[in-house]
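Chain and residue survey
Now for the letters of each chain:
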Amino acid sequence: MSERTESLGALNDGDAFETVADNTLSRRERYRRLVDRWVLAPGRIVWSDVRARIGALILLLYVLVGLLGPRLYPEPAVNQGPRSVTPLAEGLTYPLGTDNLGRDILGQIIWATPSMLQMIMAGGLFVTVMGVAVGTTAGYAGGRTDRVISLITDIVMTIPGLPLIVILAAILEPQNPIVMGLILTINVWAGLAREIRSQVLSISRHSYVEASKAMGLSTPSIMVKDVLPNIMPYVLITFVNAARQVIFASVGLYFLGVLPYDSVVNWGVMIDQAVSGGAMHVTSMAHWLIAPLATITLLSFGLILFSQGTDRMFNPRVRARHSSTTSSDGEPTDDGATPTTGGGVR
Amino acid sequence: MQKYYVERTFQAIVTVVSVMTLAFFLLRLMPGNPADAYRAELIQNNPEMSQAVIDQRVERKLNVLPSDPLHEQYLTYVGGLLRGDLGESINEGVPVSEIIAGALPWTIFTMSIALLLSFTIGISLGAAMAYKEGSRFDYGSSVLSILLNSIPNYIVGILLIWFLGYRLELFPTGGRYSNDMEPAMSPLEPLATAAFLGDAFWHASLLIASFTIVAAGGWALGMRGNSIQVLGEDYLRVARLRGLSERRIATRYVGRNAVLPLYTALLIAIGFALGGSVILEQVFTYPGVGYYMIEALEARDYPLMMGIFLVMTIAVVIGVYIADLTYGIIDPRAQARGGEH
């Protein structure tokens with residue numbers, strides 16, 4: 001903010017040309033700070049925590065598989081290989097073996113990943129945006145607005161999610177993974193909204209928010225600078241929880257066979273086909289069932305580890321230790337996106 | 001305080017009415033509009049049937065008459081639901097309430113045992129972990145809890161069925177009780193009743209176990225966090241300075257204050273366990289409400305499906321309502337704050 005006022009002053013003084021270089025430099029400096037604050041410092045903190053490091057590596061693995069897998073690995077197809085091959089029986093041709101239709105199991109897992117990730121991202125973003133928007137509005141507005149929003153939130157929260165999703169899936173028969181992600185999280189946002197509402201309630205009673213109000217700052221800027229940084233931990237953890245919800249519900253419902261799917265089978269469909277194909281009865285077919293089970297469990301485990309580890313990311317004291325700008329530059333606190341007072345809340 | 005109770009009651013009523021409304025519109029939106037589909041089926045199978053009889057049949061099945069104006073349909077539908085009339089199952093030809101009444105006790109039986117077990121195990125483990133915070137036991141149990149909590153319960157169920165059901169053949173792999181078992185529930189025949197209950201429990205045990213194993217991890221982590229927070233409070237230091245016994249501190253001070261926040265979660269979980277039973281009961285082919293819901297969906301038996309959905313929702317509403325009303329009794333601090341917890 002200070003740079004902006006300086007450059008305005010420079011314009012008035014008429015030596016705007018001379019300040020251009022200075023201005024871009026400081027803008028670059030500002031970007032550097034932003035990157036440091038939002039990317040490097042969190043990254044360093046994540047890396048310093050064993051749980052988060054393992055979690056991040058697991059998630060990275062899935063993202064890489066989702067992005068590159070279908071390009072590098074042949075698409076699974078019926079009768080592409082001999083039926084019911086056990087893992088590594090034919091060398092590395094079918095690393096995880098094949099199913100009863102001769103489809104490569106590793107191929108099925110890889111090819112199902114992109115749509116699963118899309119579903120997770122869609123669901124997670126939907127929950128986060130809805131939860132933060134509704135929760136902050138209710139908590140900050142107060143009064144009648146708060147009461148109406150809270151009533152709606154409570155109603156949405158009370159409706160049992162899975163049965164509702166089953167019904168919605170029957171009505172809409174979604175094929176698009178993004179639509180699927182939205183349906184699967186149709187009522188998850190309410191929990192986050194409620195948590196955020198109570199957080200915002202307690203934050204807005206803090207003295208620094210009162211001070212910002214007294215200084216006449218606009219509501220949006222108070223929200224962005226004083227309130228939102230404090231609820232970031234909730235947001236991230238809830239994003240992860242929503243992601244897990246999407247995985248659990250989608251895999252479960254594909255397993256039940258209530259969701260439609262096209263040629264690329266989903267991990268849940270794989271479990272369903274393995275169970276109905278008798279993988280539970282024949283030892284030589286065990287890999288067919290174990291592969292999707294392990295895939296789902298590992299992803300969920302990675303998400304949990306990551307969210308547990310990142311808990312520290314939002315602790316200002318830990319941040320300060322890992323940030324290179326906050327300590328050396330001594331910048332004004334009102335410019336900071338992470339006020340040090342944030343530690344008192346929670 | 002009075003105002004709070006009134007508000008909560010109002011909220012519960014609004015919730016139930018909203019869900020009934022939602023159910024009505026969902027039923028209307030169902031693909032192939034069930035009312036029209038059923039009417040077409042009736043006309044096709046009974047060409048001589050009069051329009052009035054067909055209308056009557058459709059209305060009995062779905063509680064709505066598609067030829068009526070929308071608001072009248074809505075009123076008949078909600079009116080029927082409020083009288084406990086959930087319509088009639090299209091496939092079974094019996095009232096939906098009858099099917100639910102037959103299936104619900106089994107779901108309640110399994111889920112209540114599973115919830116109580118997971119809660120008891122979870123909070124005991126969580127308290128022990130918090131008490132030995134930082135020890136190898138705490139570390140190991142935390143990792144185990146996270147791991148267990150990160151597996152969906154139906155996957156645990158599949159694994160249990162696989163090993164204990166099919167491989168080792170220690171447990172049955174489906175059904176409520178053995179085929180040769182006569183259902184007996186009477187104080188006059190204590191032996192038969194005990195045998196029947198034992199058999200029923202044996203059949204439900206894997207389902208209960210898969211729910212418990214996963215949920216216990218979650219409760220343990222929650223309890224651990226709460227206990228550690230309580231352990232840092234000043235009043236504990238005061239209690240120690242007063243020379244209170246460790247046992248009294250552990251139960252009355254730490255235990256009580258750490259469990260309290262979980263109480264609401266437990267009552268909410270009761271309702272959600274009903275919803276969660278949908279997948280588990282399918283895995284174990286256990287005919288509870290969740291099982292029938294999927295059966296109904298596959299058979300496009302919409303009245304049955306909506307009926308189960310409504311019953312599950314009302315169960316959650318009641319659970320949350322009781323939680324909110326009794327929380328003040330259990331935790332006097334909530335009362336002072338007017339229930340804002």
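Residues numbered from 1 in each chain as written. Chains lettered and ligands numbered in written order. Predicted model: local features only at pLDDT ≥ 70, side-chain atom pairs only at ≥ 80, totals over all residues. Heavy atoms only, no water.

1. With respect to the domain arrangement of chain B
One can read the domain layout of chain B as domain 1 (36–85) and domain 2 (103–179 + 205–338). Placing a centre on the C-alpha atoms of domain 1 of chain B and another on those of domain 2 of chain B gives a separation of 41 Å. (Domains from an automatic or database assignment.)

2. Some points on the pattern of salt bridges
Residue and element names in this part refer to chain B. Enumeration over the complete set of coordinates arrives at three salt bridges over all chains. Between aspartate 138 and arginine 224 there is a salt bridge, with its nearest N and O atoms 2.7 Å apart. With aspartate 138 in helix α6 (residues 136–149) and arginine 224 in helix α8 (residues 190–231), this pair connects stretches of sequence that are 86 residues apart. A residue is classified by how much of its surface remains accessible, and aspartate 138, at 3% relative accessible area, is buried. (Salt bridge = Lys/Arg side-chain N within 4 Å of Asp/Glu carboxyl O. Helix = DSSP H or I, 4+ residues; strand = E, 2+ residues; numbered from the N terminus. Buried < 20%, exposed > 50% of the residue type's maximum accessible area, 1.4 Å probe, protein only.)

3. A short note on the packing of aromatic side chains
In the structure shown here, the tally under the stated rule is nine aromatic pairs over all chains. Ring centres of tyrosine 62 of chain A and tryptophan 267 of chain A lie 6.3 Å apart, and the angle between their planes is 70 degrees; this geometry places the pair in the edge-to-face category. Residue tyrosine 62 of chain A is located in helix α3 (residues 50–72), and its partner tryptophan 267 of chain A is located in helix α11 (residues 267–276); the two are separated by 205 residues in the primary sequence. Judged by centre distance (5.4 Å) and plane angle (75 degrees), the ring pair of phenylalanine 24 of chain B and tyrosine 74 of chain B falls under edge-to-face. With phenylalanine 24 of chain B in helix α1 (residues 2–29) and tyrosine 74 of chain B in helix α4 (residues 70–82), this pair connects stretches of sequence that are 50 residues apart. By relative accessible area, phenylalanine 24 of chain B is classed as buried at 1%. Exposure remark for tyrosine 74 of chain B: the relative accessible area of 21% places this residue in the partly exposed category. Following the ring pairs from residue to residue traces out a cluster consisting of Phe24, Phe25 and Tyr74 of chain B. (Phe/Tyr/Trp six-rings, centres within 6.5 Å; stacked < 30°, edge-to-face > 60°.)

4. Observations concerning a nonpolar patch on the surface
Residues and elements named next belong to chain A. A cluster of nonpolar side chains, namely Trp47, Leu57, Leu60, Val63, Leu64, Leu67, Leu68 and Leu72, defines an oily patch on the protein surface of about 800 Å² accessible area. Ranked by residues supplied to the nonpolar patch, first place goes to α3 with seven residues. Its place among the elements puts leucine 67 in helix α3. (Patch = residues over 30% accessible without salt bridge, like charges linked within 9 Å, V, L, I, M, F, W, Y side chains within 5 Å. Areas by Shrake-Rupley, 256 points an atom, 1.4 Å probe, with all protein chains shown as cover.)

5. Comments concerning the interface of chain B and chain A
Often the size quoted for an interface is simply the accessible area lost on bringing the parts together. At the interface, 45 residues of chain B touch 46 residues of chain A. Buried area between chain B and chain A, summed over both chains or domains, comes out near 3900 Å², and the portion from carbon and sulfur atoms is 79%. Contact with chain A buries area across many residues of chain B, yet Ile146, Ile158 and Trp162 of chain B alone supply 14% of it, more than any other trio. Viewed at the interface, chain A and chain B are joined by zero salt bridges. For the pair chain B and chain A, the interface holds four residue pairs in polar contact (both at pLDDT 80 or more). Those elements that provide at least two residues to the side of chain B that touches chain A are α1, α6, α7 (153–167), α10 (246–283), α11 (289–298) and α12 (302–330) of chain B. With ten residues, the top contributor of residues to the side of chain B that touches chain A is α1 of chain B. When its residues are assigned to classes, the side of chain B that touches chain A shows 32 nonpolar, eight polar and five charged. (Contact = heavy atoms within 4.5 Å. Buried area = accessible area lost by both parts, 1.4 Å probe. Polar contact = N/O pair within 3.5 Å; in protein donor to acceptor, adjacent residues only side chain to side chain. Nonpolar A, V, L, I, M, F, W, Y, C, P; charged D, E, K, R; others polar.)

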